[in-house]
Amino acid sequence: MLRKIASCLLTDKQKARIRLATLMGYYKEALKRISTEKEMGLLIGTPIHGNLGDHMITVAEESFLERIGFKGEIIEIPTEAFLIFKDELKNKVGENTTIFINGGGWMGNVWPYEQRVINEIIDSFKESRIIIFPQTVYFDDGMSNYNDTIEQMRERFSKARNLTIFVRERRSLSVMRDNFPDVKAILVPDIVFSYEPHIIRANTASDTKSAGICFREDRERVDNPLKDLIYEILRKHCIEMGKVSTVTNVRVDFRNREEILTNTFKSFLSHDVIVTDRLHGMIFAERLGIPCLVFDNATRKISSTYDSWLRNHPGILLITDETDEVVINSFLEDSKKYFPSKLDFEALKEAICGRN
């Protein structure tokens, strides 16, 4: 209770200082490396929270930039570091600096704090080249902030001199075109699809199959009675069930990110099938070659990602009201290990490397 009261009394910047306390010295030193004299990239809005999907996005972005030959040094700026050092960053950014905004599912009105951060980043660097890594853009018209959020975004977008927004599924592209027709919006897959984890399933002697269950517990959760049907079908197939998660209560940042992600991949690989309503639960399974039964979430980013990129993938089955028990049984009986998909990121590469 006291923590909630304190949270209401503190400003976003004060909260950021508390969260970033152990890393303040590191980021003060990192700021000294930023120079207007050389090619640089600032990757802003990266996480220090426990959502491992967001951390995998950051890893994939940094790997992608290195792989395509971005010439400048990349400096990662978590959301908290941006809020604290915003004024200093403004003075250090020049025409040779590209601002990259971390991808994910935080554009729109469902996550208002996160959208305010994007607005602030664009405000701060509106004269710079800004590239937003693949995002979901979603507006819930039943929320009271619906119209205000669209107007605030429209205002920021109109003032940005060189802004490119990448969206990760077709529904988000339609949202951009309907609400922000003058903004350059380009469709590419979620950036994690560009990353191949270097980890393989350990050999086990057991003939017993198991399913990793990975369901949401936040505002994007959708209660679906078909989840109970899945449990029943798994039991009929004598498939044991265990919990896997793309969220941790442990503080995660660049120092322990790789180890925690590797352990998460290992937990996924200990199962023969994944059942999830988390986007990166599905994408982790796809990247690791594990068959996956997937339910949609509140923002429908899962169904849109599935329709945009995975509709013909034999190892991913989207569960809808039309999915019957026969289809699910057939999927489980025929499932095997699959290779990760090879999806096209050429448009993202061209946008990033156009000035290199």
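Residues numbered from 1 in each chain as written. Predicted model: local features only at pLDDT ≥ 70, side-chain atom pairs only at ≥ 80, totals over all residues. Heavy atoms only, no water.

As for the environment of A185
Here A185 lies in strand β7 (residues 184-187). Residue A185 is classed as buried on the basis of its relative accessible area, which comes to 19%. Between the C-alpha atoms of A185 and P134, which are 51 residues apart in sequence, the distance is 9.9 Å. Each residue touching A185, except ones within four places of it in the same chain, is listed here: I165, L173 and M176. (Helix = DSSP H or I, 4+ residues; strand = E, 2+ residues; numbered from the N terminus. Buried < 20%, exposed > 50% of the residue type's maximum accessible area, 1.4 Å probe, protein only. Contact = heavy atoms within 4.5 Å.)

Things to note about the packing of aromatic side chains
Evaluation of the coordinates by the stated rule reveals 14 aromatic pairs. Ring geometry for F157 and F180: centres 5.0 Å apart, planes at 80°, overall edge-to-face. Taken as a pair, F157 in helix α7 (residues 146-159) and F180 in the loop between α8 (170-179) and β7 lie far apart in primary sequence, 23 residues in all. When sorted by exposure, F157 lands in the same class as F180, which is buried. An angle of 70° between the planes, with centres 5.9 Å apart, marks the rings of F215 and F295 as edge-to-face. In this pair, F215 sits in the loop between β8 (210-214) and α9 (226-236) while F295 sits in the loop between β11 (292-294) and α12 (301-310), placing the two residues 80 residues apart along the sequence. Across the pair, exposure class does not vary: F215 and F295 are buried alike. Chaining the aromatic ring pairs together yields one cluster made of F139, Y146, F157 and F180. Positioned above the aromatic ring of F295, the side-chain terminus of K227 is 6.0 Å from the ring centre. (Phe/Tyr/Trp six-rings, centres within 6.5 Å; stacked < 30°, edge-to-face > 60°. Lys NZ or Arg CZ within 6 Å of the ring centre and 35° of its normal.)

Some points on the state of the cysteines
On inspection of all chains with the given rule, the structure shows 0 disulfides. In this model C292 remains outside any disulfide bridge; the closest cysteine sulfur is found in C214, 8.7 Å from its own. The class for C292 is buried, based on a relative accessible area of 0%. (Disulfide = S-S within 2.5 Å.)

Examining the packing of helix α11 (residues 279-288) against α12
One way to put it is that α11 packs onto α12 with a least axis distance of 9 Å and a crossing angle of 30°. Taken together, α11 and α12 sit at an angle that is classed as roughly parallel. Residues L279, M282 and E286 of α11 form the contact with α12, whose own contacting residues are K301, I302, T305 and L310. Here the contact of α11 with α12 is composed, by residue class, of 4 nonpolar, 1 polar and 2 charged. (Axes fitted to C-alpha atoms, helices over the stretch in contact; angles between N-to-C directions. Parallel < 35°, antiparallel > 145°, perpendicular 65-115°, else oblique. Nonpolar A, V, L, I, M, F, W, Y, C, P; charged D, E, K, R; others polar.)

A look at the environment of Y27
Position of Y27 among the secondary structure elements: in helix α3 (residues 24-32). For Y27, a relative accessible area of 1% puts it in the buried group. As for Y27 and F268, which are separated by 241 residues in sequence, their C-alpha atoms are 33 Å apart. Discounting residues that sit within four places of it in the chain, Y27 has contacts with L20, E76, P78, A81, F85 and F254.

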